[in-house]
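Understanding the architecture of this molecule
Each chain, written out:
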Amino acid sequence: MRLIRGKLATDPVAFEAFYRRHIDAVTRFLARRVDDPHTVADLAADVFLAVFDSAHTYRPGKGSEIAWLYGVARNTLSAERRRALRESQLTHRVSGRRPLDGDDVSRLEEQIDAERPVRAAFEAMAGLPDGERAVLELVVLGQLTPSEAAVALGIRPGTGGGVAAADRV
């Protein structure tokens, strides 16, 4: 029995028959690539959800149902691996950081409140050209000397065209 593209998404009996016909093959495909039974089960469910959503993309002339289904399974597995990598990278980034306690939050709230006028100044400068805004931020708000600001912006101190030179940064 061939996959009937239109019926698969609208006919529960057709979808169940398709599922029963292919669940073992999909499970084997995933089990060859993943060693956790819970992940295999989750991925198999995700594969058939993807099939439900993308049955209209199956083209019988391009190959068998199982070949198409393996493509869906491969894409599902790739998406899961990308998601797991992003999660791992995020976990690595936050590992070793301690959670904020009440005192930390209070101290940060005080600092945020104290910097409110400076945030207003940043907002007021938002329309300036980048170079001019950068110089003002560093000299006026950051309290650097013009020479220090020039170094921070990668321009030579004392060139006389600090703001104009900063425009090129």
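Throughout this description, residue numbers start from 1 for each chain and increase along the sequence as written. The predicted nature of this model means local features are confined to residues of pLDDT at least 70 and side-chain atom pairs, given and counted, to a pLDDT of 80 or more, with totals for whole chains, interfaces and linings taken over all residues. For side-chain calculations, the full set of non-hydrogen atoms in the structure is used, while hydrogens and water are omitted.

1. Some words on the side chain of Ser54
The condition is simple: The way it works is that DSSP assigns letters per residue, a run of H or I at least four long becomes a helix, a run of E at least two long becomes a strand, and they are numbered from the N terminus. Working definition: with a 1.4 Å probe on protein chains only, accessible area under 20% of the residue-type maximum means buried, over 50% means exposed, and in between means partly exposed. Two N or O atoms form a polar contact when they lie within 3.5 Å of each other; inside protein one atom must be a possible hydrogen donor and the other a possible acceptor, and for residues adjacent in sequence the pair counts only when both atoms belong to side chains. Note on definitions: a residue-residue contact is assigned when non-hydrogen atoms from the two residues lie within 4.5 Å.
In this fold, Ser54 is placed in helix α3 (residues 37-54). By relative accessible area, which is 18% here, Ser54 ends up buried. At a separation of 2.6 Å, a polar atom in the side chain of Ser54 contacts the main-chain carbonyl oxygen of Ala50. If near-sequence neighbours (up to four positions away) are discounted, Ser54 is found in contact with Trp68 and Val72.

2. Let's talk about helix α7 (residues 130-141)
Turning to α7, its buried residues are Gly131, Arg133, Ala134 and Val135. Among the residues trailing α7, Gln143 stands out with phi positive, at a value near 60°.

3. Here's the deal with the packing of aromatic side chains
For clarity, the threshold we go by: By convention, a stacked pair of Phe, Tyr or Trp rings (six-membered ring in the case of Trp) has centres within 6.5 Å and planes under 30 degrees apart, an edge-to-face pair has planes over 60 apart, and any other such pair is tilted.
Overall, the coordinates contain five aromatic pairs when judged by the stated rule. Considering the side-chain rings of Phe15 and Phe52, the 5.5 Å spacing of their centres and the 90° angle between planes classify their relative orientation as edge-to-face. A residue pair is termed long-range when its members are at least 10 positions apart, and Phe15 in helix α2 (residues 12-31) and Phe52 in helix α3 qualify at 37 residues. For Phe52, a relative accessible area of 36% puts it in the partly exposed group. Each ring, one from Tyr19 and one from Phe48, has its centre 4.8 Å from the other, and the planes form 65°; the classification is edge-to-face. Highlighted residues: Tyr19 in helix α2 and Phe48 in helix α3, separated in sequence by 29 residues. Judged by relative accessible area, which is 34%, Tyr19 ranks as partly exposed.

4. Description of the packing of α7 against helix α8 (residues 146-153)
The condition is simple: Between the N-to-C directions of two axes lies an angle of 0 to 180 degrees, each axis being a line fitted to C-alpha atoms and, for a helix, fitted only over the stretch in contact. Angles below 35 degrees are treated as roughly parallel, those above 145 as roughly antiparallel, those between 65 and 115 as roughly perpendicular, and all remaining angles as oblique. Each crossing is labelled by how the near helix is turned from the far one, with a counterclockwise turn of less than a right angle marking it left-handed and a clockwise turn marking it right-handed. Polarity classes work like this: nonpolar for Ala, Val, Leu, Ile, Met, Phe, Trp, Tyr, Cys and Pro, charged for Asp, Glu, Lys and Arg, and polar for all others, with Gly in that last group.
Interaxial distance between α7 and α8 falls to 9 Å at its minimum, and their mutual angle equals 130°. One way to sum up the angle between α7 and α8 is to call them oblique. The two elements α7 and α8 cross, and the hand of that crossing is right-handed. Residues Ala134, Val135, Leu138 and Val139 of α7 lie in contact with α8, whose contacting residues are Pro146, Ala149, Ala152 and Leu153. The residue inventory of the contact of α7 with α8, partitioned by class, reads eight nonpolar, no polar and no charged.

5. Observations concerning a nonpolar patch on the surface
Going by this rule: Within this analysis, patches are made of residues with over 30% relative accessible area and no salt bridge. Like charges are joined at 9 Å or less; nonpolar side chains (Val, Leu, Ile, Met, Phe, Trp, Tyr) at 5 Å or less. Accessibility throughout is a Shrake-Rupley quantity obtained with a 1.4 Å probe, and a residue counts as covered only by protein chains that appear here. A side-chain nitrogen of Lys or Arg and a carboxyl oxygen of Asp or Glu constitute a salt bridge if their distance falls within 4 Å.
A cluster of nonpolar side chains, Leu100, Val105, Leu108 and Ile112, forms an exposed patch at the surface whose accessible area comes to about 330 Å². Note on placement: Val105 falls in helix α5 (residues 102-114). Accessibility expressed as a relative area gives 34% for Val105, which makes it partly exposed.

6. Details of the environment of Glu80
Topologically, Glu80 is positioned in helix α4 (residues 65-94). The class for Glu80 is partly exposed, based on a relative accessible area of 22%. Sequence separation between Glu80 and Thr39 is 41 residues; the distance between their C-alpha atoms is 9.6 Å. At 2.7 Å, the side chain of Glu80 and the side chain of Arg83 are in polar contact.

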